[in-house]
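Geometric and topological summary
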There are 2 protein chains.
Amino acid sequence: MGKKMSIKEIAKLSGVSVSTVSRVINDNGRFSEDTRQRVLKTIKKYNYQTNTLAKGLRMRRSNTIGIIVPDLSNTFFSSLVEKMENQFFSKNYSTIICDTGRNSDKEEAYIRMLEAKLTDGLIVISGKKTFDTNILSRPMPVVCIDRKPKGKKTLFVSSNHYQGAVIATTELLKAGTQPTLFKVSRNSSSILDRIRGFKDTMKKMGAELHNSSIISLSSDYRAGSDDRRLEIRNKLRKLINADKLPLGIFATSDTLAADIMIAARDLHLSIPGDLKIIGFDDAPISRYCYPQLTTIRQDISQIASQASQHLINAINNTDDDAEDSEDTIIDVQLVERSTV
Amino acid sequence: MGKKMSIKEIAKLSGVSVSTVSRVINDNGRFSEDTRQRVLKTIKKYNYQTNTLAKGLRMRRSNTIGIIVPDLSNTFFSSLVEKMENQFFSKNYSTIICDTGRNSDKEEAYIRMLEAKLTDGLIVISGKKTFDTNILSRPMPVVCIDRKPKGKKTLFVSSNHYQGAVIATTELLKAGTQPTLFKVSRNSSSILDRIRGFKDTMKKMGAELHNSSIISLSSDYRAGSDDRRLEIRNKLRKLINADKLPLGIFATSDTLAADIMIAARDLHLSIPGDLKIIGFDDAPISRYCYPQLTTIRQDISQIASQASQHLINAINNTDDDAEDSEDTIIDVQLVERSTV
DNA sequence: GTGAAAGCGCTAACAT
DNA sequence: ATGTTAGCGCTTTCAC
């Protein structure tokens, strides 16, 4: 309510010097219990708050973390971000969330902004390319999620996408189908891993891996749009003509799986009778599909806590000796529901 | 890559004084075209970036906006936030997004943090209670979305929830049903508006408004959970016994509507034959329901741009004369799909 | 145990 | 048109 108090006024009001006030606020250095009480009382009384800008300027750090995310409207990303932001908050960091809309120029601009704010560290999620620390004008700890980093001082946390694809493909094969992988043409490193897992498993299990075993959908269409579904229907029709039923599909995301299921319904394909399908993520949508979608669960909480913990550690390891730049790979898990 | 440059070093390197450098950076004050060129060149050459902490300290403002949001994993909120963040970024503001998880203590803590960062303004989205500017220790412009504000200097932007409820209820009535409203027990001011719209329409159209015309679901269960769906099935069964088919349901969100549709399927209720239903939001899920959900669309882009624009205006109106604290109410719209 | 003072990087009078 | 300087609020030597 009153005007903004500064440490100087608190000092005067408590009859001590600014340095002493600073010491008690940060519980750093020596002071008598008596002074402590007095200072704390004035602080409370006048509702004093530290000016973090001044503090940051002085300390050359801002207790702020930047998160670069491709697309907040994707539930996978938004819950990831939500969880990390929570972690950071509880550790007394604030978080600046930067939604790049998958646009590299914007990404660069954001990075400049974050640097100018003396951000202490960076979380970089997915995106098309690998992340190259060279675009940083000052070294700062960064942890990449689902996105291969390049350069020093960069940690990597990711689900085991390869393993997920292996599990899904094996499952589809066991169910007696000749699996096809559906993806959207945009290629992140996690998708690439899933494709590798798919191919390797196909080969290893002696399944035929032909030209149209991997179907790539236009990234111009949005999930859930009529265009997207139309395109899927067309691909599905071709598949029906070429393969024998039941079809087996590994979709690289649950949203995509959901669109495929709707297209399949339009084509009067029964699930899992005529078409067996497995998604990826265990997104909320998988429980709203009919029948409910069998999928590969990513452990979002785990990813979030590993990533934030690693970043905080890296920030506090002032010395860059601690080169525990081991990648952190997190297990995924098959969630059996009703589409296989 | 080199070390961090300061304005002082740029000054020396370009053979001018710091103030001149500051002037050309901010294009403020006079300087010769020649100096401008020289300074800009050194800035580029050494990859200088303004230290925004120092600037903020000096200017008593940080070019930062805080957004308080109840729950980022709700797509309505996340796309709202995504859109606003975009707007702010393009106007050169950074955004600190604070996910309170609907917890008031956390909300307060966030507000303290934002104040300490000398945030220039606040966007406050929804939440249980009205937002009282008295919890701010220093006056700052805030715009509330979907949440009734209390106190000075507070703008209000919201969809016309009342109108939406009127449209939905009327539609259900026209379809020959005796409408029931389903909600989750948590009460935000927007939900309250929808309830008013529902009740008023029922009365006005001479429909019977009895005790169980409004069904409130436990907020302990998460959307999509088995518990939630079980509870819905029970309520639905009662409804079937009491009313004659077809049932008419106005659900206060699309997610809720989707859960209701799944519960209805378990009960072998056909849609829209036995049950007609209208949701609210036009969330992505409405296009993944079967049949696709008829709903009331909120114009998220409009809300986002109005809110961010108003906030920026308020920030720049240093004088608090501009009391255009008119509420901004945004029209909603019926999206007819296949559930009525 | 406490205070005085320097300085983080910047802007904005106030000079010239 | 440009330079000098005070000071934003804070932390941290260095004295005492």
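Preceding this section is the structure that the text describes.
First things first, this report covers the structure right here in the doc. Owing to the predicted nature of the structure, the values given are computational and were not obtained by experimental measurement. (Residues numbered from 1 in each chain as written. Chains lettered and ligands numbered in written order. Predicted model: local features only at pLDDT ≥ 70, side-chain atom pairs only at ≥ 80, totals over all residues. Heavy atoms only, no water.)

A look at the protein's contact with DNA strand C
In the vicinity of DNA strand C there are 27 residues, among which Arg30 and Arg60 of chain A together with Ile7, Tyr48 and Arg58 of chain B approach most closely. Looking at DNA strand C alone, sugar and phosphate atoms form 64% of those within 4 Å of the protein. One of the side-chain nitrogen or oxygen atoms of Arg58 of chain A is found 3.0 Å away from a base nitrogen of DNA strand C. Measuring from a phosphate oxygen of DNA strand C, one finds a side-chain N or O atom of Tyr48 of chain B at 2.3 Å. Of all elements in the fold, only α2 (18–26) and α4 (52–59) of chain A together with α2 (18–26) and α4 (52–59) of chain B reach the threshold of two or more residues within the surface near DNA strand C. A class-by-class count of the residues in the surface near DNA strand C yields eight nonpolar, 13 polar and six charged. (Near = heavy atom within 4 Å. Polar contact = N/O pair within 3.5 Å; in protein donor to acceptor, adjacent residues only side chain to side chain. Helix = DSSP H or I, 4+ residues; strand = E, 2+ residues; numbered from the N terminus. Nonpolar A, V, L, I, M, F, W, Y, C, P; charged D, E, K, R; others polar.)

Some points on the interface of chain B and chain A
Residue-level contacts link 60 residues of chain B with 59 residues of chain A. When chain B packs against chain A, the two sides together hide about 5000 Å² of surface, and 54% of this comes from carbon and sulfur. When residues of chain B are sorted by the area they lose upon contact with chain A, Leu53, Phe89 and Tyr288 of chain B head the list and together hold 16% of the total. The shortest N-O distance in the salt bridge between Asp226 of chain B and Arg287 of chain A comes to 2.9 Å. Put simply, chain B and chain A have 29 residue pairs in polar contact (both at pLDDT 80 or more) between them. Of all the secondary-structure elements, those providing two or more residues to the side of chain B that touches chain A are α4, α5 (75–90), β2 (94–99), α6 (104–116), α9 (226–242) and α10 (254–266) of chain B. Classifying every residue of the side of chain B that touches chain A gives 23 nonpolar, 22 polar and 15 charged. (Contact = heavy atoms within 4.5 Å. Buried area = accessible area lost by both parts, 1.4 Å probe. Salt bridge = Lys/Arg side-chain N within 4 Å of Asp/Glu carboxyl O.)

Side note on the pairing of strand β9 (residues 214–217) of chain A
Residues and elements named next belong to chain A. Along β9, the buried face is formed by Ile215 and Leu217; none of Ile214 and Ser216, which line the opposite face, is buried. Here strand β8 (residues 179–184) runs beside β9; their pairing, made up of four bridges, is parallel. Bridge assignment links Val184 to a residue of β9, and that residue is Leu217. Since β8 and β9 lie parallel, the crossover through helix α8 (residues 189–204) that links them has a hand, and here it is right-handed. (Buried < 20%, exposed > 50% of the residue type's maximum accessible area, 1.4 Å probe, protein only. Pairing = 2+ DSSP bridges. Right-handed = clockwise from strand over helix to strand, strands pointing away.)

A closer look at the sheet that holds strand β11 (residues 275–281) of chain A
Residue and element names in this part refer to chain A. Taken together, six strands build an open sheet; the order of strands is β9-β8-β10-β11-β12-β14 and the sheet is mixed. A single partner strand is all that each edge strand has here, and the edge strands are β9 and β14 (333–335). Across the sheet, the mean angle separating the axes of adjacent strands is 25° when strand polarity is ignored. Relative to strand β12 (residues 294–297), β11 runs parallel, the two sharing four bridges. The residue bridging Asp281 from the neighbouring strand is Arg297, located in β12. Set on the sheet, helix α7 (residues 161–174) makes contact with β8, β10 (247–251), β11, β12 and β14; between it and β11 the angle comes to about 165°. α8 rests against β8, β9, β10 and β11 of the sheet, and its axis sits at about 170° to β8. (Axes fitted to C-alpha atoms, helices over the stretch in contact; angles between N-to-C directions.)

Here we look at the relation of the copies chain B and chain A
Mapping chain B onto chain A calls for a screw motion: a turn of 180° about the axis and a shift of 0.0 Å along it, with 0.1 Å RMSD after fitting. Taken together, the rotation and translation describe the operation of a two-fold axis. The overlap is high: 98% of the interface residues of chain B also sit at the interface in chain A, so the same surface is used on both sides. (Least-squares fit on C-alpha atoms with pLDDT ≥ 70 in both.)

Things to note about the packing of α9 of chain B against α10 of chain B
Residues and elements named next belong to chain B. Close contact between α9 and α10 brings their axes to 9 Å; oriented N to C, the two are set at 65°. The handedness of the crossing between α9 and α10 comes out as right-handed. Side by side, α9 and α10 meet where Arg228, Arg229, Ile232, Arg233 and Leu236 of the first sit next to Leu256, Asp259, Ile260, Ile262, Ala263, Ala264 and Asp266 of the second. Grouping the constituent residues of the contact of α9 with α10 by class yields seven nonpolar, no polar and five charged. (Left-handed = near helix turned anticlockwise from the far one by under 90°.)

A short note on helix α6 (residues 104–116) of chain A
Two residues of an α-helix separated by three or four positions point the same way, owing to the 3.6 residues in each turn. Residues and elements named next belong to chain A. With 13 residues, α6 extends 18 Å between its outermost C-alpha atoms, agreeing within 8% with the 18 Å of an ideal straight helix rising 1.5 Å per residue. Every buried residue of α6 is accounted for by Lys106, Glu107, Tyr110, Ile111, Met113, Leu114, Glu115 and Ala116. Where α6 begins, one side-chain oxygen reaches toward the backbone nitrogen of Asp105, 2.8 Å away; that side chain belongs to Asn103. (Expected span 1.5 Å × (residues − 1).)

With respect to the side chain of Thr169 of chain A
Residues and elements named next belong to chain A. Residue placement: Thr169 occurs in helix α7. For Thr169, a relative accessible area of 0% puts it in the buried group. A distance of 2.6 Å separates a polar side-chain atom of Thr169 from the backbone oxygen of Ala165. In this view, Thr169 contacts Pro179, Phe198, Thr201, Met202 and Phe250; residues no more than four positions away in its chain are not counted.

Let's talk about the pattern of salt bridges
Residue and element names in this part refer to chain A. Applying the stated rule across the entire model yields 28 salt bridges over all chains. Between Arg229 and Asp259 there is a salt bridge, with its nearest N and O atoms 2.7 Å apart. Of this pair, Arg229 sits in helix α9 (residues 226–242) while Asp259 sits in helix α10 (residues 254–266), placing them 30 residues apart in sequence. Across this residue pair, the class does not change: Arg229 and Asp259 are buried. Connected via shared salt-bridge partners are Glu108, Arg112 and Glu115.

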